[in-house]
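Secondary and tertiary structure notes
Take a look at the letters that make up each chain.
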Amino acid sequence: MESLNGIDKSRVLDVKPLRTLMPVFPTGAQAPNFGCMPPFGHTPNGFSPFFPFSAPPQATQHSPDLNHVSPPGMQTPAGHMPAPLRSYRAPNPSGALPHDFPEDSNGDGESSMGGTANEDGYFDGHKDVAPHRGSSSSRKKTNRASSSRKKVKKSGDADALIFVGNKGSSVNFVSLISPVQLEDGNRELVNYVLMNFDALRRRICQIEDTKEKNTDTIKRADLKAGNIAMTKKVRTNMRRRIGVVPGVEIGDIFFFRMEMCVVGLHAPSMAGIDYMTLKGDLEKDPIALSIVSSGGYEDETDSSDVLIYSGQGGNTNNKDKQVAVSDQKLERGNLALERSLQRGNEVRVIRGLKDDTTLNSKVYVYDGLYKIQESWTERGKSGGNMFKYKLVRVPGQPDAFSVLQTIRKWKDGLSSRAGLVLPDLTSGAERIPVSLVNEVDNEKGPAYFTYFPSLKYSKSFTLTQPSLGCKCRSACLPGDMNCSCIQKNEGEFPYTGNGILVSRKQLVHECGATCPCPPNCKNRVSQSGVKVRLEVFRTKDRGWGLRSWDSIRAGTFICEYAGEVIDEVKFKNKGDEGETDEYIFDTRRDYDSFKWNYEPGLLDEDSPNDSVEDYSIPYPLIISAKNAGNVARFINHGCSPNVFWQPVLYEQNNQSFLHIAFFAIRHIPPLTELTYDYGISMSDEAANNNGLHRKKKCLCGSSKCRGYFG
């Protein structure tokens, strides 16, 4: 036989067969820095892989993963570990996301949609569950706003579902959401998941903002937060279902598609149609569960009760619209909608529209259950045939999308606001008008007061030590450690790029009058007045209240508490003289604690030794808004509030002035009353129920109402 270079080709080589052809995708330690490449497509730059494309988090090199079940048909023979495959293509050198990721920004340089998705747009977080480790239900209170740091307090109820490890050390995050809660949620759990998701997203935004600007990359804090929440099991309602999702209410709003994913309202992170195949269905045809209509296709959305929805596929992006250039096919989501028409099952509908408060942003509202009444095909604007589905809203449900439509008509001047008393209560003192509305009785307005948008400090009031501003000539930039204002904030910029508060802090330091940075510096959020369209309205049983025409996202600045700063002696004299003052803000009161900041363990960060959510202020602050004040004087008490107060300090005339700023705890739908916790007075007069400290009956209507406040 012939030989080549001395090699005998007739020789039979002793080659052992491969142990298995099952691919093993790299774990976090093995994977390249761009993340693994699942078979259905590219994982965006900077994202971790999802199970089953990486090892489950429970598995270690010392112990087998007993919870992991391989996908059907891909079981690994016992005792054999196949070698990992590493033949994945390199990421896009520019770092940009693949073309199928939409680019509609949601204010922080992020898209309002997205995720690591398969061809149907589903986010593939793994579904193995951790053992339930119990929870605490006790409520604890702060020891009022203090000038000293305090121990970390664990808040009660749903907030106690998370274990954050030992203080002062790197923590391994363990979700204590039970297997039952992972499958089926409730209202408290949904709020908890959403609050944790957005807290994590804000923190990721803060981290990204400190990095050098790179125009070739797209920041996607929403996707990163969704990745972590899915992987670490900070989610609920994983069980697929037709109809109502436990804990999600009609009228709930979302600013990111990933928020719908983590609460089980709509599973695909990109696709507009969510569907499933019923167990035991011999035909194996899918049925529709939910749809998102956000203006991406040629939908007809003018009616509040009828939606003409376009099918998916056969499209190319034409500016803001998806236009059919080839015929759509009766498959996947389109087939699911057709089968739901035949079966008559209810379909959840989420409607998206432009967010007026943030440039290039959308807000989504859950509009309830619809039924598909008919379907047909028609020629699209670019020549392709499109499927059309007529969905009709199930009657008897609370208003949701129709509320946003009505507000849009008010803003555009197409219809007048019913019950309008004054178009602008502030007489131009605020750059955005604040209307006065009464649809309840014949009361023409609140008692006379002078509208004043900030605090009035008396000359005799003792202020903090002199303070010098920063030396930034242009706007202060995150990560610039030469900025003295950032140094005062422990080296972190307190706000995201669009002015959203990242975390509650013991004290937020903003730029002041002597800082050379311009008035639009992003570290002056609380100094430019209200930023959302507010209205003072007459409530049924609690006097006047405050609400917004705009959708408010968590962390949004609403207003500061304006009025006259009074000292403790003057305040005590008021009570001794029997004077009533219903418009008092007092930092000395005892306030219920609550958890709002992100969990450090979710980002593998060290847990702080002391709580940063217990306020540390330089002196007690008492504000009376009886004679002069702003819209904050109309915010009523709530035992389950949607607004919290944050002490803010900034310099003026070389002295530091303390202010009280209000921020949204969670996303707040339009025309929802704004409330904050008034706290409980700890004085002797309060114990005797006398004077200004007299406790008042609470009418907030919350399931957690404590019965009184003040």
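Residues numbered from 1 in each chain as written. Predicted model: local features only at pLDDT ≥ 70, side-chain atom pairs only at ≥ 80, totals over all residues. Heavy atoms only, no water.

This next bit is on unusual backbone geometry. What you tend to see is this: most non-glycine residues have negative phi, and most peptide bonds are trans. Of note, Ser-427 is a non-glycine position whose phi angle comes to about 55°, a positive value. For Ser-427, the location among the structural elements is in the loop between β14 (420–422) and β15 (435–437). Non-glycine residue Asp-604 carries a positive phi angle of around 55°. (Helix = DSSP H or I, 4+ residues; strand = E, 2+ residues; numbered from the N terminus.)

Inspection of the secondary structure puts Leu-658 in strand β28 (residues 655–664). In sequence terms Leu-658 and His-509 are 149 residues apart; their C-alpha atoms lie 9.5 Å from each other.

Before going further, it helps to examine the sheet that holds β28. The four strands are arranged β18-β27-β28-β21 in an open sheet whose pairing can be described as mixed. Two strands close off the open sheet at either side, each with one partner strand: β18 (508–509) and β21 (557–560). Pairing of strand β27 (residues 643–652) with β28 involves 10 bridges; the strand directions are antiparallel. Bridging across to β28, Phe-644 finds its partner in Phe-663. (Pairing = 2+ DSSP bridges.)

We now examine helix α2 (residues 187–210). The terminal C-alpha atoms of α2, which comprises 24 residues, lie 35 Å apart, in line with the 34 Å expected from a rise of 1.5 Å per residue. Of all 24 residues in α2, 19 are buried; the element is thus mostly enclosed. (Expected span 1.5 Å × (residues − 1). Buried < 20%, exposed > 50% of the residue type's maximum accessible area, 1.4 Å probe, protein only.)

This brings us to the pairing of strand β8 (residues 306–310). Where burial is concerned, most of β8 is hidden: four out of the five residues are buried. In this sheet, strand β13 (residues 385–393) lies alongside β8 in antiparallel orientation, the contact comprising five bridges. Looking at the pairing, Leu-307 lines up with Leu-391 of β13.

With that settled, consider the pairing of strand β20 (residues 544–548). Within β20, five of the five residues are buried, leaving the element largely enclosed by the surrounding structure. With burial as the criterion, each face of β20 is covered, one bearing Trp-544, Leu-546 and Ser-548 and the other bearing Gly-545 and Arg-547. Sheet topology note: the strand β19 (residues 534–538)/β20 ladder contains five bridges and is antiparallel. If you follow Phe-537 over to β20, its bridge partner there is Gly-545. Hairpin connection from β19 to β20: five residues lie between these consecutive antiparallel strands, with Gly-543 at a positive phi of about 70°.

Looking now at the packing of α2 against helix α3 (residues 221–231). Axis angle and axis distance: for two packed helices, these are the angle between their axes and the distance between the axes, and together they describe the pair. Between α2 and α3, the least distance of the axes is 8 Å, while the angle of their chain directions is 130°. Here α2 lies oblique to α3, going by the angle between them. Handedness of the α2/α3 crossing: right-handed. Contact residues: α2 offers Phe-197, Leu-200, Arg-201, Ile-204, Cys-205 and Glu-208, while α3 offers Ala-221, Asp-222, Lys-224, Ala-225, Gly-226 and Ile-228. Within the contact of α2 with α3, the residues separate by chemical class into seven nonpolar, one polar and four charged. (Axes fitted to C-alpha atoms, helices over the stretch in contact; angles between N-to-C directions. Parallel < 35°, antiparallel > 145°, perpendicular 65-115°, else oblique. Left-handed = near helix turned anticlockwise from the far one by under 90°. Contact = heavy atoms within 4.5 Å. Nonpolar A, V, L, I, M, F, W, Y, C, P; charged D, E, K, R; others polar.)

This part is about the confidence of the model for the protein chain. Taken residue by residue, the protein chain gives an average pLDDT of 77. The fraction at 70 or more is 69%. Taken together, the stretch residues 109–119 has pLDDT below 50 and engages in 64 contacts with residues farther than four places along the chain or on a different chain. Of the regions scoring below 50 in pLDDT, residues 123–144 engages in 76 contacts with residues more than four places distant in sequence or in other chains. (pLDDT = per-residue confidence, 0-100.)

Okay, the pattern of salt bridges next. For the structure on display, the rule yields 34 salt bridges. Residues Arg-393 and Asp-367 are paired through a salt bridge, measuring 3.5 Å at the closest nitrogen-oxygen approach. Here the residue Arg-393 occupies a position in strand β13, and Asp-367 occupies one in strand β12 (residues 362–379), the gap between them amounting to 26 residues. Notably, a salt bridge pairs Arg-542 with Glu-673, separated by 2.9 Å at the nearest N-O pair. Here Arg-542 is found in the loop between β19 and β20, whereas its partner Glu-673 is found in the loop between β28 and β29 (675–676), with 131 residues between them in sequence. The burial state of Arg-542 is the same as that of Glu-673; both residues are buried. Salt bridges sharing partners connect three or more residues here, namely Lys-354, Asp-356, Arg-408, Lys-411, Asp-412 and Asp-550. (Salt bridge = Lys/Arg side-chain N within 4 Å of Asp/Glu carboxyl O.)

Our next topic: the packing of aromatic side chains. As enumerated under the stated definition, the model contains 20 aromatic pairs in all. Between Phe-449 and Phe-634, the aromatic rings sit 5.8 Å apart at their centres with planes inclined by 70°, giving edge-to-face as the arrangement. Taken together, the residues span a long stretch of sequence, with Phe-449 in the loop between β15 and β16 (450–451) and Phe-634 in the loop between β25 (628–629) and β26 (636–637) at a distance of 185 residues. Take Phe-449 and Phe-634: they sit in the same class, and that class is buried. In this structure an aromatic cluster arises from ring pairing among Tyr-561, Phe-585, Tyr-591, Tyr-615, Trp-645, Phe-662, Tyr-676, Tyr-678 and Phe-709. One residue, Lys-456, lies across the ring of Phe-452, its end atom 4.7 Å from the ring centre. Positioned over the ring face of Phe-594 is Arg-504, at 4.0 Å from the centre of the ring. (Phe/Tyr/Trp six-rings, centres within 6.5 Å; stacked < 30°, edge-to-face > 60°. Lys NZ or Arg CZ within 6 Å of the ring centre and 35° of its normal.)

Among the nonpolar cores identified, the biggest contains 71 residues, and Cys-470, Cys-476, Leu-534, Tyr-561, Phe-585 and Phe-662 are the most heavily contacted of them. Among the secondary structure elements, those contributing two or more residues to this core are α7 (484–488), β19, β20, β21, β27 and β28. Considering each element in turn, this core owes the most residues, seven residues, to β28. If we skip the residues at most four places from it in the chain, Cys-476 touches Cys-470, Cys-483, Phe-493, Cys-511, Cys-517 and Cys-521. Residues Ile-204, Val-234, Val-248 and Leu-602 belong to the second largest nonpolar core, which totals 35 residues. (Core = buried A, V, L, I, M, F, W, Y, C linked by side-chain atoms within 4.5 Å.)

Assignment of secondary structure puts Asn-597 in the loop between β23 (584–586) and β24 (622–624). A distance of 2.7 Å separates a polar side-chain atom of Asn-597 from the backbone nitrogen of Arg-504. Residue contacts for Asn-597: discarding those within four places in its chain leaves Ala-199, Ser-503, Arg-504, Val-612 and Glu-613. (Polar contact = N/O pair within 3.5 Å; in protein donor to acceptor, adjacent residues only side chain to side chain.)

All chains considered together, the criterion is met by zero disulfides. No disulfide involves Cys-517; its sulfur sits 3.7 Å from the nearest other cysteine sulfur, which is in Cys-511. Cys-700 supplies the cysteine sulfur nearest to Cys-698, a cysteine that is in no disulfide, at a spacing of 3.5 Å. Judged by relative accessible area, Cys-698 falls into the buried class, the value being 7%. (Disulfide = S-S within 2.5 Å.)

Right, let's talk about helix α5 (residues 332–343) for a bit. With 12 residues, α5 ought to run about 16 Å at 1.5 Å a step, and its terminal C-alpha atoms sit 16 Å apart, in line with that. All of the buried residues in α5 are Gly-333, Asn-334, Leu-335, Ala-336, Leu-337, Glu-338, Arg-339 and Ser-340. In this fold, the buried residues of α5 make contact with β6 (273–277), β7 (286–293), β8, β11 (346–354), β12 and β13. Looking at the residues trailing α5, positive phi occurs at Gly-344, about 80°.

Turning our eyes to something else, we now look at the environment of Trp-376. Mapped onto the elements of the fold, Trp-376 is located in strand β12. According to the relative accessible area criterion, Trp-376 is partly exposed, its value standing at 28%. As a C-alpha pair, Trp-376 and Lys-390 span 14 residues in sequence and 8.9 Å in three-dimensional space. Among residues more than four places away in sequence, those in contact with Trp-376 are Ile-308, Met-386, Phe-387, Lys-388 and Lys-390.

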